[in-house]
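# Chain and residue survey
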Amino acid sequence: MKFLFLVTLLIFSTNLKAQDTQSDSSSNPLQNFEFLVGGTWETNNTQQTFEWGIGEKSIVSKLYFTNNDSLKLVGEITWFWHPGLKAIKGYGTSIEMEMDFFDYTTSFETPTKMVNTFIGYGGHVDGVQQLETLEFIDNDKYLWTYYEKKGLEFNASYSITFRRISE
């Protein structure tokens, strides 16, 4: 009887451990980016895309300037979960913009509000911490807001609405 009890306990605890491992491996800190993936986001003079990287372990974004019917790639950012820092990090490069290199730390205040603190290099604000937010208005619209640092506080400087168009 004791043997049967031990075997049952062993099988039960093995099943629990397998379920814990499965739920741990299936959780994805980048899941909130899902809202942005698919289609192209545009303003009057830009287009931006977001797509999953390999194994949904990263998000790759590309920014284009638009001029009539032509697109010019001007920026790329790749976000990923950094296990050592326990944070979503993003690194990007750009041309023809205020900065050449971006070092992002991203969080989601809510599933519909993305907060990016970042430091840019290669421009007039080298090494200065900056802030931007993306607030999702609906499935096909988000408000991007850039905050300027004045003293110790960030103040909203300007906002742009991006709309999703079909590919």
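The structure contained in this document is the topic of the report that follows.

Structurally, E76 can be placed in strand β4 (residues 70-82). Of the residues examined, E76 reaches a relative accessible area of 33% and is grouped as partly exposed. Sequence separation between E76 and Q48 is 28 residues; the distance between their C-alpha atoms is 9.5 Å. Excluding residues within four positions of it along the chain, E76 makes contact with S61, K62, Y91, G92 and T93. Among the polar contacts made by the side chain of E76, one reaches the side chain of K62 at a distance of 3.5 Å.

Before going further, it helps to spend a moment on the sheet that holds strand β7 (residues 113-121). Here 10 strands make up a closed barrel; going around it, the order is β1-β2-β3-β4-β5-β6-β7-β8-β9-β10 and the pairing antiparallel. Within this sheet the neighbouring strands show an average axis-to-axis angle of 25 degrees, counted without direction. Taken together, the 10 bridges between strand β3 (residues 58-67) and β4 define a ladder with antiparallel strand orientation. Within the sheet, the bridge partner assigned to T66 lies in β4 and is L71.

As defined by bridge partners, β7 adjoins strand β8 (residues 129-138) across seven bridges and the pair is classed as antiparallel. Following the sheet pairing, V115 is matched in β8 by T133. Bridge analysis of β8 against strand β9 (residues 141-150) gives seven bridges, and the strand direction is antiparallel. For L134, the partnering residue across the bridge sits in β9 and is W144. Hairpin connection, β8 to β9: the antiparallel pair is bridged by two residues.

All right, on to the layout of surface pockets then. Of the volumes computed, that of the largest pocket is approximately 900 Å³. Looking at the largest pocket, it is lined by 41 residues, and the ones nearest its centre are M97, F102, E132, W144 and Y158. Residues belonging to the lining of the largest pocket are distributed by class as follows: 22 nonpolar, 12 polar and seven charged.

Right, let's talk about the pairing of β3 for a bit. As paired elements, strand β2 (residues 46-52) and β3 share seven bridges and run antiparallel to each other. Residue pairing in the sheet places T46 in a bridge with F65 of β3. A loop of five residues connects β2 with β3, the two strands running antiparallel in sequence, and G55 in this loop sits at a positive phi of about 65 degrees. Hairpin connection from β3 to β4: two residues lie between these consecutive antiparallel strands, with N68 at a positive phi of about 55 degrees.

Attention now goes to the nonpolar core. Residues F33, L36, F50, W79, M114, L134 and Y142 are the most contacted members of the largest nonpolar core, which totals 23 residues. The set of elements that each furnish at least two residues to this core consists of β2, β4, β6 (101-110), β7, β8 and β9. Sequence-distant contacts of F33, that is, excluding residues within four places in its chain, are made with I59, W79, I88, T106, F108 and M114.

Moving on, we get to the environment of D140. For D140, the position within the fold is in the loop between β8 and β9. Look at D140 and you get partly exposed, because its relative accessible area is 40%. For the pair formed by D140 and I165, sequence separation is 25 residues and the distance between their alpha carbons is 7.7 Å. Beyond its immediate chain neighbours, meaning those up to four positions away, D140 contacts W41, F162, R163 and R164.

About the thresholds
- Here the residue numbers are simple positions, counted from 1 along each chain's written sequence.
- Whole-chain, interface and lining totals are the exception, using all residues; otherwise, since this is a predicted model, local features are given only for residues with pLDDT of at least 70 and side-chain atom pairs are given and counted only at 80 or more.
- Side-chain measures here rest on the full set of heavy atoms in the structure, leaving out hydrogens and waters.
- Elements are defined by DSSP. Helices are runs of H or I of four residues or more, strands are runs of E of two residues or more, and each kind is numbered from the N terminus.
- A 1.4 Å probe rolled over the protein chains alone gives each residue an accessible area, and that area as a share of the maximum for its type sets the label: buried under 20%, exposed over 50%, partly exposed in between.
- Contacts are assigned to residue pairs with any non-hydrogen atoms lying within 4.5 Å of each other.
- Nitrogen and oxygen atoms within 3.5 Å of one another constitute a polar contact, given that in protein one can donate a hydrogen and the other can accept it, and given that sequence-neighbouring residues count only through two side-chain atoms.
- Pairs of strands are assigned from DSSP output, requiring at least two bridges between the strands.
- An axis is simply a line fitted to the C-alpha atoms; with a helix, the fit covers only the stretch in contact. Between two such axes, the angle follows the N-to-C directions and lies from 0 to 180 degrees.
- In this analysis, the protein atoms alone were mapped onto a 1 Å grid. Cavities are point sets where a 1.4 Å probe fits without being able to get out; pockets are open sets with protein on both sides within 12 Å along at least five of seven lines; lining residues have an atom within 4 Å of a point.
- Grid points are joined across faces, edges and corners, and a volume is the space filled by probe spheres set on the points.
- In this classification, Asp, Glu, Lys and Arg are treated as charged, Ala, Val, Leu, Ile, Met, Phe, Trp, Tyr, Cys and Pro as nonpolar, and every other residue, Gly included, as polar.
- Grouping buried Ala, Val, Leu, Ile, Met, Phe, Trp, Tyr and Cys residues that are joined through side-chain atoms within 4.5 Å yields what is termed a nonpolar core.

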